[in-house]
Amino acid sequence: QVQLVESGGGLVQAGESLTLSCAASGSTFIINGMGWYRQAPGKQRELVASISRGAFTNYAASVKGRFTISRDNAKNTVWLQMNSLKPEDTAVYYCNAYIVGSGRAFWGQGTQVTVSS
């Protein structure tokens, strides 16, 4: 079974930066796409950024230009560099990974990011 472990969440002030990390471990597997989602209270979970195995990236309009997603295929790790954070970025952030041949995506438990004004 694949397990995703997230770290890096916390409390910061508006305008500051934060970096989230997610490492996948477990049985033999190959990860196709990886990404970060977030869910704020009372709202649906939404895509923040995604990255393919070939390093092609996609960002939500609300974070484009402020956030950067990256990955290391050898380490099965994905990061999310978050700059110029705003209070509206406050949410639980979830790591996601699609495992080739599994027919499903795997999720981390989530890490809280809180941005104060």
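Along each chain, residues carry numbers from 1 onward, in the same order as the chain's sequence is written. Predicted model: local features are reported for residues with pLDDT of at least 70 only, side-chain atom pairs are reported and counted for 80 or more only, and whole-chain, interface and lining totals are derived from all residues. Only heavy atoms go into the side-chain values, all of them from the structure, while hydrogens and water stay out.

**Q** Which residues make up the environment of threonine 57, and what are the values?
**A** Along the chain, threonine 57 falls in strand S6 (residues 57-59). Take threonine 57: its relative accessible area is 41%, and that puts it in the partly exposed class. Threonine 57 sits 24 residues away from glycine 33 along the chain, and the two C-alpha atoms are 9.7 Å apart. Whether two residues are in contact is decided by their heavy atoms, any of which lying within 4.5 Å being enough. Aside from chain neighbours lying at most four places away, what touches threonine 57 is Ser50, Ile51 and Ile69. Helix and strand definitions follow DSSP, with helices as H or I runs of at least four residues and strands as E runs of at least two, each counted in order from the N terminus. Throughout this description, buried means an accessible area under 20% of the type-specific maximum (1.4 Å probe, protein chains only), exposed means over 50%, and partly exposed covers the range between.

**Q** Outline the state of the cysteines, supporting the account with residue identities and numerical values.
**A** Note on terminology: pairs of cysteine sulfur atoms within 2.5 Å are recorded as disulfides. Taken as a whole, this structure holds one disulfide when the rule is applied. In this model cysteine 22 forms its disulfide with cysteine 95; the gap between the sulfur atoms is 2.0 Å. Of note, the bridge from cysteine 22 to cysteine 95 carries an S-S torsion of about -85 degrees and is left-handed in sense. Taken together, the residues span a long stretch of sequence, with cysteine 22 in strand S3 (residues 18-25) and cysteine 95 in strand S9 (residues 91-99) at a distance of 73 residues.

**Q** Requested: an account of the layout of surface pockets, with residues and values cited.
**A** Rolled over the atoms, a probe sized like a water molecule indicates the empty space that remains. Of the volumes computed, that of the largest pocket is approximately 200 Å³. With a 1 Å grid spanning the protein atoms alone, the term cavity applies to any set of points in which a 1.4 Å probe fits but cannot get out, the term pocket to an open set with protein on both sides within 12 Å along at least five of seven lines, and the term lining residue to any residue with an atom within 4 Å of a point. Together, 13 residues line the largest pocket, and Arg38, Ala40, Lys43, Glu46 and Glu88 are the ones closest to its centre. Taken together, the residues of the lining of the largest pocket break down into two nonpolar, four polar and seven charged. Grid points are joined across faces, edges and corners, and a volume is the space filled by probe spheres set on the points. Side-chain classes are defined by residue name, with Ala, Val, Leu, Ile, Met, Phe, Trp, Tyr, Cys and Pro counting as nonpolar, Asp, Glu, Lys and Arg as charged, and the others, Gly among them, as polar.

**Q** Tell me what's going on with the nonpolar core, and back it up with residues and numbers.
**A** One finds Trp36, Leu80 and Tyr93 to be the most contacted residues of the largest nonpolar core, which totals 31 residues. Ranked by the residues each element gives to this core, the list is headed by S9, at five residues. Sequence-distant contacts of leucine 80, defined by excluding residues within four places in its chain, comprise Leu18, Thr19, Leu20, Trp36, Val48, Ala49, Phe67, Thr68, Ile69 and Tyr93. Grouping buried Ala, Val, Leu, Ile, Met, Phe, Trp, Tyr and Cys residues that are joined through side-chain atoms within 4.5 Å yields what is termed a nonpolar core.

**Q** Break down the pattern of salt bridges for me, citing the residues and quoting the values.
**A** A pairing counts as a salt bridge when a side-chain nitrogen of Lys or Arg comes within 4 Å of a carboxyl oxygen of Asp or Glu. On inspection of all chains with the given rule, the structure shows three salt bridges. Here the salt bridges do not stand alone but share partners, grouping Arg38, Glu46, Arg66 and Asp89 into one network.

**Q** A description of the environment of valine 113 should follow, citing residues and the corresponding values.
**A** If you trace the backbone, valine 113 turns up in strand S11 (residues 111-116). Assessed through its relative accessible area of 0%, valine 113 is described here as buried. In the structure, valine 113 is positioned 24 residues away from aspartate 89 in sequence and 7.6 Å away in space, judged by C-alpha atoms. What valine 113 contacts, discounting residues up to four positions off in sequence, is Gly9, Gly10, Leu18, Leu20, Met82, Asp89, Thr90, Ala91 and Tyr93.

**Q** Run through the pairing of strand S1 (residues 3-7), naming residues and quoting values.
**A** Burial along S1 is one-sided: the face carrying Leu4 and Glu6 is buried and the face carrying Gln3, Val5 and Ser7 is not. Sheet analysis places S1 next to S3, joined by five bridges and oriented antiparallel. Residue pairing for S3: serine 7 is matched across the bridge by serine 21. Strand pairing is assigned whenever DSSP identifies at least 2 bridges connecting the two strands.

**Q** Quick rundown of the packing of aromatic side chains? Include the residues and the values.
**A** The aromatic pairing rule takes the rings of Phe, Tyr and Trp, using the six-membered ring of Trp, and pairs them if the centres are within 6.5 Å, calling planes under 30 degrees apart stacked, those over 60 edge-to-face and the rest tilted. In total, this model carries one aromatic pair according to the counting rule given. Here the aromatic rings of tyrosine 37 and tryptophan 107 are separated by 4.9 Å at their centres, their planes lie at 65 degrees, and the arrangement is edge-to-face. In this pair, tyrosine 37 is assigned in strand S4 (residues 31-39) and tryptophan 107 in strand S10 (residues 105-107), connecting sequence segments 70 residues apart. For tyrosine 37, a relative accessible area of 24% puts it in the partly exposed group. As a reminder, the over-ring test applies to NZ of lysine and CZ of arginine, requiring each to be within 6 Å of the ring centre and within 35 degrees of the ring normal. Geometry around tryptophan 107 places arginine 45 over its ring, the cationic atom sitting 4.9 Å from the centre. In this arrangement the basic side chain of arginine 104 is found over the ring face of phenylalanine 106, its NZ or CZ atom lying 4.0 Å from the centre.

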